[in-house]
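Each chain is listed here by its residues.
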Amino acid sequence: MSEAVDRLVGLMPGGKGFDLSYDEVRDLQVAAINERFQDRVGGIKMVKHRAEEAGISEIRSLEDVVPLLLPHTAYKSYPESFIADKRWDRLTKWLGTVSSYPVDNIDLSGVQDIDGWIEACQAAGHFVSCSSGTTGKPAMLPATQADLDFAGQEGVEAVQWGSDIRPGDLRTMAGYGTVAQTARNAASGGALMQAFADVSKIRPGKGPAITIGSIIRMIEMRKAISGGSARPEEIAEYERESAARQHVLDGAFSAAVDNLIENRADRLLIMAMWGPLYQLAAEVRERGYGREDFHPENAVFLGGGLKGATVPANYKEYIYETFNLQPRFIYQMYGMQETQTSMARCATGGRYHIPAWMVCLPLDKDGSNLLPIGAEPVEGRAAFFDLSVDGRWGGIISGDRIEVDYRPCACGSRSPSIADNVVRYADIEGDDKIACSGTIDAYVRGVS
Amino acid sequence: MNDMGIAQSATPDRQIDSAPFFVKGAVIEGADVIHRSRDLGVDFATPQVDLDSLVHPRTELPPLLNTPLAEIIDFLAEAGQRLARPGNEHVEACIERMSKVSLQPVQAIRYLFANALEYLDRKVLWEVVEKNFPNPKALDEWVPQTDHTGRRSYVRAYAPRLVHVLPGNAPAQGIRSIAQSALVKSVSLFKMASADPFSTVAFLRSIAEVDPTHPLARSMSAIYWRGGDEAVERIIYRPQYFDKLVAWGGGDAINNVMKYVGPGFQLVSFDPKTSISMVGREAFASEDTLAEAARRNAVDVSIADQEACVCSRFTFIEATPEQADRYCEILAHEIRVDRFGDTIPRSLDPELKEQIDVLRMLDDEFAVFGKSDGRGVAIRSDTPVDFHPLQKTANVVCVDDLRNAMKYVNVATQTVGVYPFDRMAGLRDHLASGGAQRVVRLGEAGPGTIGAPHDAMYPLHRFVHWMVNEDGCVGEG
């Protein structure tokens, strides 16, 4: 029973999801969320718990959805000790609390480490992505093959809606970014490359990959230091490993610059976030190259915000100038790992458009109440229900503050859209907090 | 745009509370700069900072240097009586403003105020001095000494120049800091926190009203700037102006300070702490002993809504999971008792709530007692949870022997409440070795023994500038 869901998700091919106005889809979206709810509430324990607490048995309005939204930290809620103590059965049980599908089909025999656990999950159809989280504790997001397929194709459609980049462009890939090796990233990245790149020119093992194992090692080390059990030689060994890793990262950056310069005559597709892209541009100029050297149809794929990077005020112009970028080949999107839908930026309005199967719920700062949706833009905490998500719950509360407008955009698209001034609440709160109660973490130096 | 770069989303006619400064005896009013209280996102306004006014040149003697300690103590006691007088306008205005910017309920704030004012008592202050200094006369005079070879010297506990970075989660810590600064006759600059930019100034104003020209009033200043603001810190955090920075608490505001610490500018830090409880199997001797232990444990958890450093967050108990569950049931019930008459508690931070609720679902490892409604919960586990227990969350960890819980004691552990009491002697050496600083009877984390060391030091002893004047040998001219 997923008629409403299918109708909305079915709009993805061809970018048709950006054509419909909010008024045309709002009732269908609520019906679709209810379909997801009825279908999944029994299986996803975290949602079931919330539904029981809130006394919700049916979704009739967006307000009903709010108590069922998961904070983005829900996917980090597993006890660290499950990984540190190699309790794979426990970790799997935790996965079951957030996964749409039962996890009892995962064969844990022979699992030695976290990478082995992920492989075991994958073999059973649970594609678990781990993020590299800023606190060091990775978020673990289950997905199904259907999710990987959708995300791959959707990413390609969104690029075409938001730019003049087209399949068959045969672009040379370039860029830099530390990307966690996950099934999800491989699927999305793979689909983009298949569509837009000259795959014959792609060299394997391009960028530095951060394995989940290395992130976990960082957590273990932090625990060992704070607990006092880490011996000096262990810490020294860890610091040597970290330095070596940093060295690899630095080398990869240098290689990324070399790659750009080597292929400067080609029509490129540069994939990066703003911060690293600025650094690439600066280094390219440092080596004596610039606009005249680069192709007029170069394209860039930009996701994510500045994420705390320090750049000068004119960083965008600097980047466009360096790589000879025209606006129509600049693709930007807003998204988050907990969902899988790209909100593509329109050129005319400079706004991120929300396709019809992605429901945006603006909440108050606390995340407890839905703000009124009317004829005016709404500023609040971004929450979404991504109807395309299959392997986990599609409802998420983010850490971002957005300004969303549900009216048609000046660019001609009638879908709701978000202004290009997204910030993380954590970044704007300031750091003036001081308290006399705290954890041992303050006493641990060098393991971030 | 204000100094935090936040576009003003405050409605133009919304009243923004003013947080005046107190500088060397004078109150400085002004609303030149608007700041945001980190905890509740509420704005307050302060005057512009006048950097020159914050320092006393070293060419001038500290104003309190030759004021007798006895007079200082009398002065503080009288100021305390003024502050304690019901309806003191400064205190009332202060409590009202604080309840808007602080996370603590009003009743808790009043309680903490009253508690802090108990410090401003003659007997208490004398005892603090006597415990901190083998010879308190050194605060007033150059005390003669001779070593066994006959070399003569005079020692003075000389008035230091201090910068204090005050915490935001302990309203009225300012009173204690002011008193301690006065006892050592210091020149002191207090930097207030955004969660409490009011109380220290309110106290100083009351003190100044006793006598505005008194050297004590002239020795103290209290202002606000955003922690980490280099425009202020790079300029004044220098040994030319101050001997020591006293950090009451931690977090980013303190991390920023480290780069200024160096020769001549030292850090005295009361670091952030996680306090704990330890309960022996004796608690299970009877239903009464079990209830007694759990009740005492709950008292230590609930102090100031579990915001203070002394609050118990983890309890290590010699018990099986089944036994621990019986304990947790009572503990949760006791924690959830409304001791301050606040009928509507602040709802749990969503991330904390999520963490707790996930543990409910992992029910072969964990048991959770009490609803996630902000009134308090007890969580039973076999290892400590990996998130920081806040908002009256007590994590009860089963161990087979309290000695085996020592691996969880570290330098961040401040207070350890123990039950039964006769086990303290057998545990304290190990606790100290692990890094803990204070062992108490379970249930008594709140009250402090007057003059006892705090965070492993004698604070007043650490504050002063120990000066010696050596003067030849006995028998010489």
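Nothing here was measured: the structure is a model prediction, and the numbers come from that model. (Residues numbered from 1 in each chain as written. Chains lettered and ligands numbered in written order. Predicted model: local features only at pLDDT ≥ 70, side-chain atom pairs only at ≥ 80, totals over all residues.)

Draft legend 1. Seen up close, the overall build of chain B. Across its full length, chain B holds 14 helices and 20 strands. Its C-alpha atoms give chain B a radius of gyration of 24 Å, near enough to 23 Å, the size a compact globule of 477 residues would have. Referenced to the eigenvectors of the C-alpha coordinate spread, the extents of chain B come out at roughly 75 × 70 × 45 Å. When contacts within chain B are restricted to residue pairs at least 6 apart in sequence, long-range pairs at least 24 apart make up 73% of them. (Helix = DSSP H or I, 4+ residues; strand = E, 2+ residues; numbered from the N terminus. Rg over C-alpha atoms; globule rule 2.2 N^0.38 Å. Contact = placed C-beta atoms within 7 Å.)

Draft legend 2. Structural view of the overall build of chain A. Regarding its fold elements, chain A presents 14 helices and 16 strands. For 448 residues, the compact-globule formula gives about 22 Å, and the C-alpha radius of gyration of chain A, at 22 Å, lands near that figure. For chain A, the C-alpha atoms occupy an extent of roughly 65 × 65 × 45 Å along the three principal directions. Here chain A holds 448 residues, and 42% of them are scored as buried. Sequence separation of 24 or more characterises 74% of the internal contacts of chain A that already satisfy a separation of 6 or more. (Buried ≥ 20, exposed ≤ 12 C-beta atoms within 10 Å, placed from the backbone.)

Draft legend 3. Main features of the domain arrangement of chain A. All names here are of chain A. Segmentation of chain A into domains returns domain 1 (69–143) and domain 2 (147–337). Computed from C-alpha coordinates alone, the two centres of domain 1 and domain 2 are separated by 26 Å. Each side of the interface is counted separately: domain 1 has 19 residues, and domain 2 has 18 residues. Among the elements of the structure, helix H5 (80–84), helix H7 (114–123), strand S2 (127–130) and strand S3 (140–143) are those that each provide at least two residues to the side of domain 1 that touches domain 2. For the side of domain 1 that touches domain 2, the element with the most residues is H7, which contributes four residues. Per-class residue counts for the side of domain 1 that touches domain 2 are ten nonpolar, five polar and four charged. (Domains from an automatic or database assignment. Nonpolar A, V, L, I, M, F, W, Y, C, P; charged D, E, K, R; others polar.)

Draft legend 4. Fine view of the sheet that holds strand S18 (residues 413–419) of chain B. Residue and element names in this part refer to chain B. Strand order across the open sheet formed by seven strands is S15-S16-S17-S14-S13-S18-S19, with mixed pairing between neighbours. For this open sheet the edge positions go to strand S15 (367–369) and strand S19 (438–441), each flanked by a neighbour on one side alone. The sheet shows a mean angle of 20 degrees between the axes of neighbouring strands, taken without regard to direction. Looking at chain direction, strand S14 (residues 312–318) and strand S17 (residues 393–399) are connected through five bridges and run parallel. (Pairing = 2+ DSSP bridges. Axes fitted to C-alpha atoms, helices over the stretch in contact; angles between N-to-C directions.)

Draft legend 5. The pairing of strand S11 (residues 244–248) of chain B, seen in detail. Residue and element names in this part refer to chain B. Counted residue by residue, S11 has five buried out of five residues, so it is predominantly covered. What you see with S11 is no split at all: Lys244, Val246 and Trp248 on one side and Leu245 and Ala247 on the other are buried throughout. Direction of pairing for S11 relative to strand S12 (residues 266–270): parallel, over a ladder of five bridges. Within the sheet, the bridge partner assigned to Ala247 lies in S12 and is Ser269.

Draft legend 6. Focus on the domain arrangement of chain B. Split into domains, chain B comes out as domain 1 (17–271 + 457–463) and domain 2 (274–441). Relative to domain 2 of chain B, the C-alpha centre of domain 1 of chain B lies at a distance of 33 Å.

Draft legend 7. Broad picture of the sheet that holds strand S5 (residues 43–46) of chain B. Residues and elements named next belong to chain B. The strand order across the open sheet formed by three strands is S1-S5-S4, and the pairing between neighbours is mixed. At either end of the open sheet lies a strand with only one pairing partner, and these are strand S1 (17–18) and strand S4 (33–36). Two elements, S4 and S5, share four bridges in a ladder whose sense is antiparallel. Note on S5: the bridge partner recorded for Ile34 is Ala45.

Draft legend 8. Spotlight on unusual backbone geometry. Residue and element names in this part refer to chain B. The amide bond that connects Tyr419 to the next residue, Pro420, takes the cis arrangement and shows omega of -5 degrees. Within the element layout of this structure, Pro420 appears in the loop between S18 and helix H13 (424–434). In this structure, Ala456 is a non-glycine residue whose phi angle is positive, near 70 degrees. With respect to the helices and strands, Ala456 occurs in the loop between S19 and helix H14 (459–463).

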